[in-house]
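The primary structure of each chain is shown beneath.
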Amino acid sequence: MVDRIADPWGPRTPYGPGEPWPVRVDEFLDGDLTEADVDRWVQSASVLHSNGDAMDIAVSGGRIVGVRGRAVDRVNRGRLDPKDLYGWQANNSRDRLTRPLVRDGDRLVETDWDTAMGRIVARSKELLDGPGGWGHFGFYTSGQLFLEEYYALGVIGKAGLGTPHMDGNTRLCTATAAAALKASFGTDGQPGSYTDVDHCDAIALWGHNVAETQTVLWMRMLDRRRGPNPPAMLAVDPRATPVAREADLHLAVRSGTNMALMNGLLREIIRRGWYDRDYVDAHTLGFDELCRIVDGYPPRRVAEICDVPAADVERAAELLGGAQRLLSTVLQGFYQSNQATAAACQVNNLHLIRGMIGRPGAGIYQMNGQPTAQNTRETGADGDLPGLRNWDNDQHIAELARLWNVEVDTIPHWAPPTHAMQIFRYAEQGSIKLLWISATNPAVSLPDLSRIRRILARPELFVVVQDLFLTETGELADVVLPAATWGEKTGTFTSVDRTVHLSEKAVDPPGEARSDLDIFLDYARRMDFRDRDGGPLIPWTGPEEVFEAWKECSRGRPCDYTGISYDKLRGGSGVQWPCTEEHPDGTERLYTDGVFNTGPDYCETFGQDLSTGAEFTQSEYRAREPNGRAFLPAVDYQPSPEVPDDEHPLLLTTGRTVYQFHTRTKTGRAAQLDAAAPQVWVELNPADAERLGIAEGDLVGIASPRGAVQARARLCGIRPGVVFLPFHYGYFDQDPNERTPRAANELTVTAWDPISKQPLFKVAAVAVAKLADGDGVPAPAPTVGGSEPVPGADVPATVGGPAAEAVSGKE
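This structure is a prediction, so every number in the text was calculated from the model and none was measured.

### Things to note about the packing of aromatic side chains
Under the defined criterion, the tally for this structure stands at 23 aromatic pairs. Where Phe547 meets Tyr566, the ring centres are 5.3 Å apart and the plane angle is 50°; that geometry is what we call tilted. Of this pair, Phe547 sits in helix H23 (residues 543–554) while Tyr566 sits in helix H24 (residues 566–569), and the two are 19 residues apart along the sequence. Across the pair, Tyr566 and Phe547 agree in class, each one buried. In this structure an aromatic cluster arises from ring pairing among Tyr151, Trp540, Phe547, Trp550, Tyr561 and Tyr566. Over the face of the ring belonging to Trp41 we find Arg68, whose NZ or CZ atom lies 3.8 Å from the ring centre. The ring of Trp113 carries Arg514 above its face, with NZ or CZ at 4.1 Å from the centroid.

Next comes the structure, spelled out in structure tokens:
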């Protein structure tokens with residue numbers, strides 16, 4: 001196998017339009033092992049990105065010893081991401097949690113499960129029986145558990161406790177994907193299929209560095225680009241990423257101006273007649289208002305706002321308007337930026353007015369950032385109701401009440417579900433008194449970290465953390481529960497293009513660690529949750545039982561799983577939902593007939609004002625008479641809530657590197673991945689660096705109104721006025737008494753999109769100053785995985801901000 005650190009995407013297998021993507025099987029085994037040393041291969045899929053790459057887990061001597069891509073699977077045809085190839089080694093890490101921990105004063109001590117769960121249940125019953133009841137509970141989960149675990153958690157929260165305060169870290173990465181899909185098409189659910197890459201003649205990547213976030217999807221795109229009749233490519237990103245370098249046209253827009261760009265592109269496409277009038281008239285609502293809004297964004301105005309050449313705006317419109325089979329993909333450059341949902345909806349609008357939806361090569365990926373984010377949204381473990389139901393539709397609430405056999409009023413539906421940022425605000429104010437955090441690390445991943453640490457450290461807040469390792473968040477917990485992970489438990493999960501995979505248990509978890517499902521079921525049993533007939537609310541004992549119950553919950557809804565079973569998922573490829581008994585092979589693309597999920601009795605939302613987030617009423621929605629037509633929402637561009645000023649003259653954007661995932665809880669414990677990107681770095685444009693007296697490798701201070709961090713400088717092709725920090729780097733591998741501030745979210749702002757409530761990680765104002773010479777040592781960042789370095793960028797040399805507060809345990 002080629003060195004997949006030096007070459008994350010591996011060798012090319014070119015193919016042409018309409019041809020099947022060739023098979024290429026990637027494999028990595030520990031040490032000198034060969035396939036002959038493997039006792040058995042166990043079916044699974046990736047949990048270190050959102051692509052859903054199918055793989056087999058190699059087991060020898062009761063331990064995971066490697067992985068191999070599954071050639072039969074529709075998603076990856078045998079290929080694996082570098083994180084897939086090497087990340088499994090974290091399972092075998094010696095610092096895994098193996099016993100529960102409970103707080104004893106200022107320290108955490110080991111205990112048994114009865115003691116740990118006893119503390120949680122005692123506090124839960126005390127709160128539930130007291131004034132305020134359900135309002136004191138908050139749950140903050142992940143995009144990395146299994147469908148069955150999310151569904152059990154959703155039922156516990158919504159029918160057992162009756163709390164609306166449930167969300168996941170999917171709020172940070174894919175809430176805008178869901179919001180944009182609902183706003184345009186009526187419900188969540190990706191319209192397109194990964195096979196659209198095989199048929200398209202143009203690919204537009206909107207704030208999506210797919211080369212680092214979904215490397216196997218990028219391999220598919222590269223293979224088309226190296227084959228006959230390759231698709232044209234447009235990239236919108238302030239950084240010179242691998243995607244930008246590959247693209248035929250790169251628009252390095254000023255951070256926070258995506259809405260102005262999209263309005264301008266749509267104006268050009270409409271004015272030049274590059275839209276499908278028949279499709280617009282038959283299948284959409286709102287075209288006249290869209291035209292009115294975008295008409296105010298000629299290329300010259302867009303160029304001024306976005307700081308890109310007007311000619312390039314026109315070239316981009318020509319590329320988009322001339323395509324016969326356009327594929328768009330959207331991610332954090334839009335989702336975590338200013339006017340996130342509105343800008344993502346404009347990508348949907350582009351496809352709708354061109355009639356580029358529901359046919360091969362004409363697709364949209366409103367991408368996810370995590371492997372099981374789709375399931376968090378589908379099952380009600382976040383700010384949605386199970387089965388993509390509408391919290392404001394009484395019929396939908398009654399369906400759930402019948403399904404769970406509880407009173408209608410038990411299920412929270414008097415207001416929109418509470419989003420993550422509000423959950424932490426309620427914890428800060430003291431109304432949430434028990435916060436259960438599972439498989440996520442908000443003490444590194446949420447914005448304005450000094451505030452988040454203060455919240456988690458409040459003595460009045462009872463914090464439960466459920467994880468594989470003692471994370472920065474776990475250090476602040478009252479109870480820490482050791483969880484099993486991928487390869488140590490069984491369950492299903494769903495990728496971006498609705499492909500459902502089964503991940504089988506390959507080995508036992510270490511020590512006393514338990515699956516997240518077993519932990520949730522144990523809590524439900526100890527709490528003795530009952531249905532309205534006095535029977536157990538949650539009677540399940542294992543994952544397959546929960547999956548069968550989930551199928552009934554999904555019946556008749558957009559995400560219908562009723563045609564899927566564990567047996568069906570074993571041995572072959574993953575299967576796309578909706579999959580029913582009538583359509584047992586699943587559904588490759590949605591909306592092939594131009595009929596959308598906007599019917600008032602079926603839709604997942606009655607809509608919101610794109611500028612303010614104000615909820616529309618059911619009567620207002622019905623008055624629009626959607627009748628299965630898609631919406632074309634549009635608003636004017638508004639500047640970001642935080643812009644540069646004299647004290648903080650640069651804009652910070654954050655993001656990923658190909659070699660790490662989230663807060664490095666797993667990838668930081670895989671030797672190859674950690675060695676490839678061991679330390680944080682900051683990317684600067686050479687002109688900005690020269691003005692600040694900063695050279696390659698210098699130690700730099702980056703400060704915002706909220707905090708400061710330190711990183712080595714890397715001079716590269718990022719646009720002037722913008723600096724980049726990867727957000728992965730927290731403090732778990734530093735001495736607790738000598739922690740150097742380096743987490744990007746020490747700097748980010750507590751602000752969010754009005755619709756999706758996704759935080760704005762991409763638009764924080766910062767100051768940058770030199771702290772120390774680098775002595776010519778390159779910044780500790782991978783060349784392949786980040787923006788392209790500028791050769792010979794060795795410039796002369798200036799000061800930093802205050803260090804972030806130390807991360808300490810709860811007193």
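Anyway, onward from the coordinates.
### Examining the domain arrangement of the protein chain
The domain boundaries assigned to the protein chain delineate domain 1 (2–92), domain 2 (101–172 + 372–494 + 511–556), domain 3 (175–367) and domain 4 (650–780). In this assembly, 22 residues from domain 2 lie in contact with 26 residues from domain 4. Linking domain 2 to domain 4 there are two salt bridges. In this structure, the salt-bridge partner of Arg739 is Glu475, at a minimum N-O distance of 2.9 Å. Mapped by element, the contributors of at least two residues to the side of domain 2 that touches domain 4 are helix H4 (170–173), helix H20 (442–445) and helix H21 (449–456). With four residues, the single largest contributor to the side of domain 2 that touches domain 4 is H21. Per-class residue counts for the side of domain 2 that touches domain 4 are eight nonpolar, seven polar and seven charged.

### Considering unusual backbone geometry
Residues Trp577 and Pro578 are joined by a peptide bond in cis, for which omega reads -5°. Mapped onto the fold, Pro578 is located in the loop between strand S20 (575–576) and helix H25 (618–623). The residue Asp528 is not glycine, and still its phi comes out positive at about 60°. Here Asp528 lies in the loop between helix H22 (516–527) and H23.

### Observations regarding the pattern of salt bridges
Side-chain pairs of opposite charge can arise where the charged atoms are in close proximity. Counted under the stated rule, the structure contains 65 salt bridges. Close ionic contact of Asp516 with Lys489 constitutes a salt bridge, the shortest N to O distance being 2.7 Å. Taken together, the positions of Asp516 in helix H22 and Lys489 in the loop between strand S17 (479–482) and strand S18 (491–494) put the pair 27 residues apart, joining distant regions of the chain. Here the two residues Asp516 and Lys489 agree in accessibility, since each one is buried. Its salt-bridge partner being Asp773, residue Lys770 comes within 2.3 Å of it at the nearest N-O pair. For Lys770, a relative accessible area of 9% puts it in the buried group. One continuous salt-bridge network, built from bridges that share partners, spans Arg267, Glu268, Arg271, Arg272, Asp295 and Glu318.

### Focus: helix H13 (residues 299–306)
Listed as buried for H13 are Pro299, Val302, Ala303, Ile305 and Cys306. Of the residues one or two after H13, Asp307 is the one with positive phi, at around 60°.

### Topic: empty space enclosed by the protein
The probe, sized like a water molecule, is rolled over the atoms to show the empty space still left. Of the volumes computed, that of the largest cavity is approximately 460 Å³. Broken down by secondary-structure element, the contributors of at least two residues to the lining of the largest cavity are H4 and strand S16 (462–467). Along the lines of polarity and charge, the residues of the lining of the largest cavity split into 14 nonpolar, 17 polar and five charged. Both domains that meet at the lining of the largest cavity, namely domain 2 (101–172 + 372–494 + 511–556) and domain 4 (650–780), each give it at least three residues. In this structure, the second largest cavity encloses a volume near 330 Å³. Along its surface, the second largest cavity is lined by 27 residues, and Gly207, Asp237, Gln332, Gly333 and Lys762 are the ones closest to its centre. Taken together, the elements giving at least two residues each to the lining of the second largest cavity come down to helix H7 (210–213), helix H15 (332–335) and strand S22 (650–655). When its residues are assigned to classes, the lining of the second largest cavity shows seven nonpolar, 14 polar and six charged. In terms of domain composition, the lining of the second largest cavity takes at least three residues from each of domain 3 (175–367) and domain 4 (650–780).

### Considerations on the layout of surface pockets
Volume-wise, the second largest pocket comes out at about 280 Å³. Forming the boundary of the second largest pocket are 14 residues, of which Pro558, Pro578, Thr587, Leu590 and Asn597 lie nearest the centre. Across the lining of the second largest pocket, the residue classes break down as eight nonpolar, four polar and two charged.

### Quick notes on the side chain of Thr605
Following the sequence through the fold, Thr605 ends up in the loop between S20 and H25. Within the structure, Thr605 has its side chain in polar contact with the backbone nitrogen of Gly607 (distance 2.9 Å). Beyond its immediate sequence surroundings of up to four residues, Thr605 is in contact with Lys182, Gly186, Asn390 and Tyr621.

### Things to note about the sheet that holds strand S1 (residues 27–29)
The strand order across the open sheet built from four strands is S1-S4-S3-S2, with neighbouring strands paired in antiparallel fashion. Two strands in the sheet have a free side with no partner beyond their single neighbour: S1 and strand S2 (40–45). Taking each pair of neighbouring strands and ignoring which way they run, the sheet shows an average axis angle of 25°. When S1 meets strand S4 (residues 63–69), the two strands line up antiparallel, connected through three bridges. Bridged to Glu27 within S4 is Arg68.

### Remarks on the sheet that holds strand S9 (residues 202–206)
If you walk across this open sheet you meet the five strands as S11-S10-S9-S13-S14, and the pairing is parallel. Whereas interior strands pair on both sides, the edge strands pair on one side only; in this sheet they are strand S11 (249–251) and strand S14 (363–366). Sheet twist, expressed as the mean angle between neighbouring strand axes with direction ignored, is 10°.

Conventions and cut-offs
The numbering scheme is per chain: residues are counted from 1 as the chain's sequence reads. Residues qualify for local features only when their pLDDT is at least 70, as the model is predicted, and side-chain atom pairs are given and counted only at 80 or more; totals for whole chains, interfaces and linings, by contrast, use all residues. Processing note: side-chain calculations cover all non-hydrogen atoms of the structure and skip hydrogens and water entirely. Here a Phe, Tyr or Trp ring, Trp counted by its six-membered ring, pairs with any other such ring whose centre lies within 6.5 Å, and the pair is stacked when the planes are under 30 degrees apart, edge-to-face when over 60, and tilted otherwise. Note on conventions: DSSP H or I runs of at least 4 residues are helices, E runs of at least 2 residues are strands, and numbering of each starts at the N terminus. Each residue is assigned to one of three classes by its accessible area relative to the maximum for its type, calculated with a 1.4 Å probe on protein chains only: buried under 20%, partly exposed between the two thresholds, exposed over 50%. By the criterion adopted, a ring carries a charge over it if an Arg CZ or a Lys NZ lies within 6 Å of its centre and within 35 degrees of its normal. An automatic or database domain assignment supplies the start and end points of every domain. Residue contacts are defined here by distance: any two heavy atoms, one from each residue, within 4.5 Å place the two residues in contact. Every case where a carboxyl oxygen of Asp or Glu lies within 4 Å of a side-chain nitrogen of Lys or Arg is listed as a salt bridge. Three residue categories are used. Nonpolar comprises Ala, Val, Leu, Ile, Met, Phe, Trp, Tyr, Cys and Pro, charged comprises Asp, Glu, Lys and Arg, and polar comprises the others, including Gly. Buried and open spaces are told apart on a 1 Å grid over the protein atoms alone, a cavity being a set of points where a 1.4 Å probe fits but cannot get out and a pocket being an open set with protein on both sides within 12 Å along at least five of seven lines. Residues with an atom within 4 Å of a point are the lining residues. Grid points are joined across faces, edges and corners, and a volume is the space filled by probe spheres set on the points. Any pair of nitrogen or oxygen atoms within 3.5 Å is treated as a polar contact; in protein, a donor-acceptor pairing is required on top of that, and neighbouring residues in sequence qualify only through side-chain atoms on both sides. A pair of strands counts as paired when DSSP detects no fewer than two bridges linking them. To obtain each axis, a line is fitted to C-alpha atoms, and for helices this fit is confined to the stretch in contact; angles are then taken between N-to-C directions over 0 to 180 degrees.

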